[in-house]
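Results of the structural survey
Here is what each chain is made of, one letter per residue.
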There are 2 protein chains.
Amino acid sequence: MFETAELGRKLSKEAYEAQVPGLRTDLLAAQRKLTQAPFPVIILINGVEGAGKSELLNLLNEWLDARFIQTNAFGPPTEEQQHRPKYWRYWMATAPRGKIGMYLGNWYYAPIVERVQGKIDDDEFRADLADVKSFEQTLADDGTLFIKIWLHISRKEQKHRFKTWGSDPKTKWRVSRLEKKHTKRYSEFRAVSEHAIRETSTGDCPWVVVEATDERYRDITVAAHVLKRIRERLDAIQTRPPPEAEKPIDDPKTILDSLDLEKQLSKDEYKKKLEAGQSTLSRLERRAHKRQVGSLVLFEGWDAAGKGGCIRRMLHGLDIRHAQVIPIAAPTDEERAHHYLWRFWRHLPRLGRMTIYDRSWYGRVLVERVEGFATPAEWRRAYNEINDFEGQLVDHGIVLVKFWLHLSQKEQLRRFKEREKIPWKKHKITEEDYRNREKANQYEKAANEMIERTSTDYAPWTLIEAENKQYARIKVIETLNDRLKAALPKK
Amino acid sequence: MFETAELGRKLSKEAYEAQVPGLRTDLLAAQRKLTQAPFPVIILINGVEGAGKSELLNLLNEWLDARFIQTNAFGPPTEEQQHRPKYWRYWMATAPRGKIGMYLGNWYYAPIVERVQGKIDDDEFRADLADVKSFEQTLADDGTLFIKIWLHISRKEQKHRFKTWGSDPKTKWRVSRLEKKHTKRYSEFRAVSEHAIRETSTGDCPWVVVEATDERYRDITVAAHVLKRIRERLDAIQTRPPPEAEKPIDDPKTILDSLDLEKQLSKDEYKKKLEAGQSTLSRLERRAHKRQVGSLVLFEGWDAAGKGGCIRRMLHGLDIRHAQVIPIAAPTDEERAHHYLWRFWRHLPRLGRMTIYDRSWYGRVLVERVEGFATPAEWRRAYNEINDFEGQLVDHGIVLVKFWLHLSQKEQLRRFKEREKIPWKKHKITEEDYRNREKANQYEKAANEMIERTSTDYAPWTLIEAENKQYARIKVIETLNDRLKAALPKK
């Protein structure tokens, strides 16, 4: 693969100077159009040590309008970053629509270096690359334009550069001990990098390998490539057809029908179990905090199913200093400018804390599906995106508990009417709630498919019979306690 | 002061239970109104160890709608926080309009504990309290409603509680070593706290001391106080009169008139000085990064004065991995929901990095003043707010460099016309630019007052004669280099 990047391509000073003004003008014009476009650009700059990654980054910042570029260089993770799953810092750094993000020392760095150093074996390396691919594909599916640039120089050229730089006091700083170490392992790096490039060059996110021996050739080639890719994408944008709303369907038989909604608790039993459950929760929460185990509890379910009531009873057993309730409402404009999962990544707590979501990322496959806010392609691929997201949380040691609160349509109507009579609950019921009832079948079908597709062994759904509020609250707290207990065995 | 909180106030179970339902209903109703109101609420919960701060926090979360509450408990600063000025984490935690933020272990914690332990002397303590007051006043001026609650119990009661808790395995965890230590110093704590409360009880941000011996009395008293304060403020909101735009004035004589706009550089001189300046900048930037010294460079000035050109020349000498350009455009909706300085706090970089602002927080006293987006009261107090903000940056070791780029109205017009002829610069000139020219006098007056009020010894303005672009660029780079050199003496 790299042989074709060792052909000695060069560009004369005259040829270079003849091309620069036009190229810069065109780049700026394309970037200006991009600021109004509904997608971001991610430019990865990777390659051999000494090939000029920083120089290239600086050059692009100079030739383009730096005000609409976000530059990200990653070093070892900070403490704040170590408290979150591995990809958190990369998600946080994804550029919003209309902007260009440039990434140095990105998600390819650790897998390649660790493989070369033998810290991970080939299977682990391939698993890491699978994570990389999945991350990139998720963003690409959402419209992100990936421009992945690999700068190559030969072993001989690398040696030569390090020697030249090392002997000049002005450039000596560029040859760090780390870089010298890399030279010694040039061929291992080459082999591992080739593997990485091959595995991760997908249709949506291809690599381009650029011969970087001659700086002028390198700069013009990369800049022209960036321009070409951005222009192509700008030309390809069409107003996409409005997504279709789900069609009404005949009453489907779903997993929710199998729930026994007759289940209930007497007042005495409820009181006893609630107190015991809250006290256990309180103990477990302290243990979790002490051991730095985080947890994430999310609630989905029908309107008026009693999510808020469950959450209030849970809070009673929690130290609110270590717990947080996040209500999911309409996204802010910053959130809308990113992938829909970004806002959930954004609020991931530090370790040792509990986060309670009142509605969640599942909105994508529920309300957005039924109301037609997401295209069928979008909500269909969301199942995998969500499974992947949750997998990363669980891998990071987070206890993930998902509740679906179910009640009958009849009971829901009764609660709506009841709420309308209580002055301080009245505002909770709007016209929209009644409109949603008409789509109950579609919502039920969507919920059924959601449970089927996203109840994984690492993050299963717990279905809660919520026809009786007391029964539901106890089942929620006891389920949560069981899950925490399993994750926090007594020492 | 605390004597009045040792009177043995109590509430019977019956009286408590009679009041709770009404109080909760009223609290929820007030909170619902608050979600639509243009101000946030900050509730501080402080007080004697063992008085029940956490319990109260939990209770308020249960009685109010936890979805619109942000709870913040601060421990020792994390690594990420240590990289920013002391108040960064408090600024980041300020609640947005319409929400309630609750704060435990807040900005009062460190000053009080450190004074009790003798780590700071009385002068330092008072300086810390002055910082506290200034922080709170800045937010209060912007509309934040402060509810500051101090829970008090007597020394005897504290001893009694720790003993009771310590002997019960279920509550033993509550009595940590730290808390025991606090008991020994009860009277020092009492004296220091009294001082803190006295100094920081201002008209806008008063403390209320609550006798916390009887839990029922404590809970009802605090909840009723919170309700009363929120209601009062909701009632007091009036649609404020639209701020007045600055009146046109006669040509004022300003400091800007004293600049010699004839200054220029020959092409040869420029080239030589630019190369030398960039090379020095590059060296200094590396040194700053190595020593973890951050810097912040901001540009203000007339349209078309050449800010972008200066920034591009600076970038050429910088390692873009350690530098970032932040263009200030319209705030996002999240930013609009906070104090106007919040978005600038938000982007403060970690140490060892350079941030370049293309326009800045000075918009408050320039465009917002002239166009009438800010009330006279708002922009007038902004001078102090900004000086205070910059003082905190400088105290944190950040090198702060502020440039005002000045050119004549005639030269500006020439550049507008010139830009209109260049295809990829054309978009930069809009109707608005011409409209702004009509207000040149008002802008000049605002700029003059800004320079006068905010050129401090720790963060002086540098006025740049920008009639000649080459001269301006060199003066910018050389000024920056001088400032960096002074901050980074050779070892």
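Scroll up to find the structure.
Notes on the structure follow. Within every chain, residues take consecutive numbers counted from 1 along the sequence as written. Here every chain gets a letter starting at A, and every ligand a number starting at 1, in the order they are written. Thresholds applied to this predicted model are a pLDDT of at least 70 for local features of residues and 80 or more for the giving and counting of side-chain atom pairs; totals over whole chains, interfaces and linings are not thresholded and use all residues. Only hydrogens and water are set aside; all other atoms, that is, all heavy atoms of the structure, feed into the side-chain values.

Our focus in this paragraph is the sheet that holds strand S1 (residues 41-47) of chain A. All names here are of chain A. Strand pairing is defined by DSSP finding a minimum of two bridges between the two strands. Under the DSSP-based scheme used, a helix requires at least four consecutive residues in state H or I and a strand at least two consecutive residues in state E, with every element numbered from the N terminus. The strand order across the open sheet built from 5 strands is S2-S3-S1-S4-S5, with neighbouring strands paired in parallel fashion. At either margin of the open sheet sits one strand with a lone partner, and together these are strand S2 (69-73) and strand S5 (207-211). Here the average twist between neighbouring strands, direction ignored, is 20°. Inspection of the sheet shows strand S4 (residues 145-152) paired to S5 by 5 bridges, in the parallel sense. By the bridge assignment, Lys 148 is partnered in S5 with Trp 207. Throughout, a residue-residue contact means that at least one pair of heavy atoms, one from each residue, lies within 4.5 Å. Comment: axis = line fitted to C-alpha atoms, over the contacting stretch for helices; angle = value between 0 and 180 degrees taken between N-to-C directions. Contacts from helix H10 (residues 215-236) reach S1, strand S3 (100-104), S4 and S5 within the one sheet, and its direction differs from that of S4 by about 165°.

Let us now look at unusual backbone geometry. All names here are of chain A. One non-glycine residue with positive phi stands out, namely Gln 292, at about 60°. Here Gln 292 shows up in the loop between helix H11 (267-290) and strand S6 (295-301). Although it is not a glycine, Arg 359 sits at a positive phi angle of roughly 70°. Structurally, the position occupied by Arg 359 is in the loop between strand S8 (354-358) and helix H15 (367-370). The exposure class of Arg 359 is partly exposed, given its relative accessible area of 27%. The classification of residues rests on relative accessible area computed with a 1.4 Å probe and restricted to protein chains. Under 20% of the type maximum is buried, over 50% is exposed, and intermediate values are partly exposed.

Here the focus is the relation of the copies chain A and chain B. Between chain A and chain B, the superposition needs a rotation of 180° and an axial shift of 0.0 Å, giving an RMSD of 0.0 Å. The two molecules are tied by a two-fold rotation axis, judged by turn and shift. Alignment of copies: least-squares fit on C-alpha atoms of residues with pLDDT of at least 70 in both copies.

This next bit is on the interface of chain A and chain B. With 38 residues of chain A in contact, the opposing surface of chain B contributes 38 residues. As used here, buried area is the combined drop in accessible area, with a 1.4 Å probe, of two parts when they are placed together. Contact between chain A and chain B buries roughly 3800 Å² in total, counting both sides, with carbon and sulfur atoms accounting for 57%. Any carboxyl oxygen of Asp or Glu within 4 Å of a side-chain nitrogen of Lys or Arg constitutes a salt bridge here. Counting every contact that joins chain A to chain B gives 4 salt bridges. A:Arg346 is the partner of B:Glu334 in a salt bridge, and the nearest nitrogen-oxygen pair spans 2.7 Å. Polar contacts, as counted here, are pairs of nitrogen or oxygen atoms within 3.5 Å of one another; within protein the pair requires one atom able to donate a hydrogen and one able to accept it, and residues that are adjacent in sequence qualify only if both atoms are side-chain atoms. Our enumeration of links across chain A and chain B arrives at 16 residue pairs in polar contact (both at pLDDT 80 or more).

Let us look at the packing of aromatic side chains. Residues and elements named next belong to chain B. Aromatic rings from Phe, Tyr and Trp, with only the six-membered ring used for Trp, were paired whenever their centres fell within 6.5 Å, and each pair was classed as stacked if the ring planes differed by under 30 degrees, edge-to-face if by over 60, and tilted otherwise. Across all of its chains, the model carries 46 aromatic pairs over all chains by this definition. Geometrically, the ring pair formed by Trp 379 and Tyr 383 is edge-to-face, given 6.4 Å between the ring centres and 85° between the ring planes. With Trp 379 and Tyr 383 both in helix H16 (residues 376-395) and 4 residues apart, this pair spans about one turn of that helix. Taken as a pair, Trp 379 and Tyr 383 share a single burial class, namely buried.

Turning next to the pattern of salt bridges. Across all of its chains, the model carries 73 salt bridges over all chains by this definition. For the salt bridge of A:Arg190 with A:Glu3, the shortest nitrogen-to-oxygen distance reads 3.9 Å. Here A:Arg190, found in helix H9 (residues 186-200), pairs with A:Glu3, found in the segment before helix H1 (13-34); they are 187 residues apart in sequence, far enough to count as distant. With a shortest N-O distance of 3.4 Å, B:Asp26 and B:Arg231 are connected by a salt bridge. Taken as a pair, B:Asp26 in helix H1 (residues 13-34) and B:Arg231 in helix H10 (residues 215-236) lie far apart in primary sequence, 205 residues in all. Overlapping salt bridges bring together A:Glu334, A:Glu335, A:Arg343, A:Arg346, B:Glu334, B:Glu335, B:Arg343 and B:Arg346 as one network.

Keep in mind that these numbers describe shape and distance, not what the molecule does.
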